[in-house]
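Descriptive structure summary
So the chains spell out like this:
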Amino acid sequence: MRPLCPDCHKARSRCYCHLVVPVLPGPKVVLLVHPREDHKRGALNTARMVRRCVQGAELFVGLDFHAHPRLSVLLSDSGLAPFLLHPGPGSLNPQDPEVGRILGGRRMLMLVPDGTWRQARQILRFNPHLAALPRLGLDGPEPGLVTYRRQPAEGCLSTLEAVHQALLGLQAFCPSGPPRALHAMKAILRHVVDEQVALGGCNDSGPGAGVSNR
Ligand SMILES: [Zn+2]
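Residues numbered from 1 in each chain as written. Predicted model: local features only at pLDDT ≥ 70, side-chain atom pairs only at ≥ 80, totals over all residues.

Brief notes about the packing of helix H7 (residues 159-169) against helix H8 (residues 179-198)
- Closest axis-to-axis distance for the H7/H8 pair is 10 Å, and the angle between their directions is 165°. What the angle tells us is that H7 and H8 run roughly antiparallel. As H7 runs across H8, the sense of the crossing is left-handed. Across from Leu160, Glu161, His164, Leu167 and Leu168 in H7, the residues of H8 making contact are Leu182, Met185, Lys186 and Leu189.
- For the contact of H7 with H8, the per-class residue count stands at six nonpolar, one polar and two charged. (Axes fitted to C-alpha atoms, helices over the stretch in contact; angles between N-to-C directions. Helix = DSSP H or I, 4+ residues; strand = E, 2+ residues; numbered from the N terminus. Parallel < 35°, antiparallel > 145°, perpendicular 65-115°, else oblique. Left-handed = near helix turned anticlockwise from the far one by under 90°. Contact = placed C-beta atoms within 7 Å. Nonpolar A, V, L, I, M, F, W, Y, C, P; charged D, E, K, R; others polar.)

Shown next as structure tokens:
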């Protein structure tokens, strides 16, 4: 076994911790990771990169979150307004004034299903209470960095790219900072992808929160 970095869980050669500039949270980010995605060999694991970069972000692995004690506490917190970062009918662009109206002065709780498209949809099927939340979608996302992955549709993004774009778009309602920290997130993904490409890529079948309005 190659020694792994205790903080980012990557091999020492692929450790990106030196690039991390902590992103001070605007929204409270919670990653809901499909169990299969979490154990996939060679996966980029960009959900874990998000947790490493965004202060206070939490990551739960599972399928059925109805009885999840910590998530239940967060969902019943009256100071938090839950949103789902996943495209769907009526999903709102992060800059839509309607987002500010729903927040009503509360802090956003941004729930991010992570896994392949299929796995993310499966998480939502198991959790209709989460599927029914107001949704954030991303309009015309920039092309993803994770180009060597098999993309289910154009405009799909890795979980880290989707969260990064959402945080940028939400600056008016719940600013995250500093700007260089948000910058660093993309630099980290580039670093890890370059390393992975150098090693011959991986078998990831697609992004989880690959958010697109289409
Ligand atoms: Zn590290």
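Some points on unusual backbone geometry
- The omega torsion across Gly177 and Pro178 is -10°, close enough to zero to call that bond cis.
- A positive phi angle, near 60°, is found at His9, a position not held by glycine.
- Among the structural elements, His9 can be located in the segment before strand E1 (28-33).
- Judged by the 13 C-beta atoms lying within 10 Å of it, His9 falls in the partly exposed class. (Buried ≥ 20, exposed ≤ 12 C-beta atoms within 10 Å, placed from the backbone.)

Quick look at the environment of Leu63
- Following the sequence through the fold, Leu63 ends up in the loop between strand E2 (58-61) and helix H3 (69-75).
- In the structure, Leu63 is positioned 56 residues away from Gln119 in sequence and 9.0 Å away in space, judged by C-alpha atoms.
- Contacts of Leu63, omitting those with residues within four sequence positions, involve His34, Pro35, Gln122, Ile123 and Phe126.

Observations concerning the environment of Ile123
- Relative to the helices and strands, Ile123 resides in helix H5 (residues 117-126).
- The spatial distance from the C-alpha of Ile123 to the C-alpha of Asp64 is 7.0 Å, given a sequence separation of 59 residues.
- When residues no more than four places from it in sequence are discounted, the contact partners of Ile123 are Leu32, His34, Leu63, Pro113 and Gly115.

Notes on the nonpolar core
- In terms of nonpolar packing, the biggest core is built from 48 residues, with Val50, Phe83, Leu85, Met110 and Leu111 touching the most fellow members.
- Elements represented by at least two residues in this core include exactly E1, helix H2 (46-53), strand E3 (80-85), strand E4 (107-114), H5, H7 and H8.
- Element by element, the count of residues in this core is highest for H8, at six residues.
- The contacts of Met110, once residues within four sequence positions are left out, are Pro27, Lys28, Val29, Val30, Phe83, Leu85 and Ala166. (Core = buried A, V, L, I, M, F, W, Y, C linked by C-beta atoms within 7 Å.)

Topic: the sheet that holds E1
- Strand order in the open sheet made by the five strands is E2-E1-E4-E3-E5, with parallel pairing throughout. This sheet does not close on itself; its edge strands, each paired only once, are E2 and strand E5 (135-136).
- Here four bridges tie E1 to E2, and the two strands are oriented parallel to one another. Looking at E2, one finds that Leu31 is bridged to Leu59.
- The sheet strands contacting H2 are E1, E2 and E4, and the helix crosses E1 at an angle near 155°.
- Of the strands in this sheet, E1, E3, E4 and E5 are in contact with H7, which crosses E4 at around 160°. (Pairing = 2+ DSSP bridges.)

Quick word on H7
- Burial analysis of H7 places nine of its eleven residues in the buried class, the great majority of the element.
- For H7, the complete set of buried residues consists of Thr159, Leu160, Glu161, Ala162, Val163, His164, Gln165, Ala166 and Leu167.
- On its buried face, H7 sits against E1, H2, E3, E4, E5 and H8.

As for the environment of Ala172
- Note that Ala172 resides in the loop between H7 and H8.
- On the basis of neighbour count, Ala172 is assigned to the exposed category, with 12 C-beta atoms found within 10 Å.
- With 77 residues separating them along the chain, Ala172 and Gln95 place their C-alpha atoms 7.3 Å apart.

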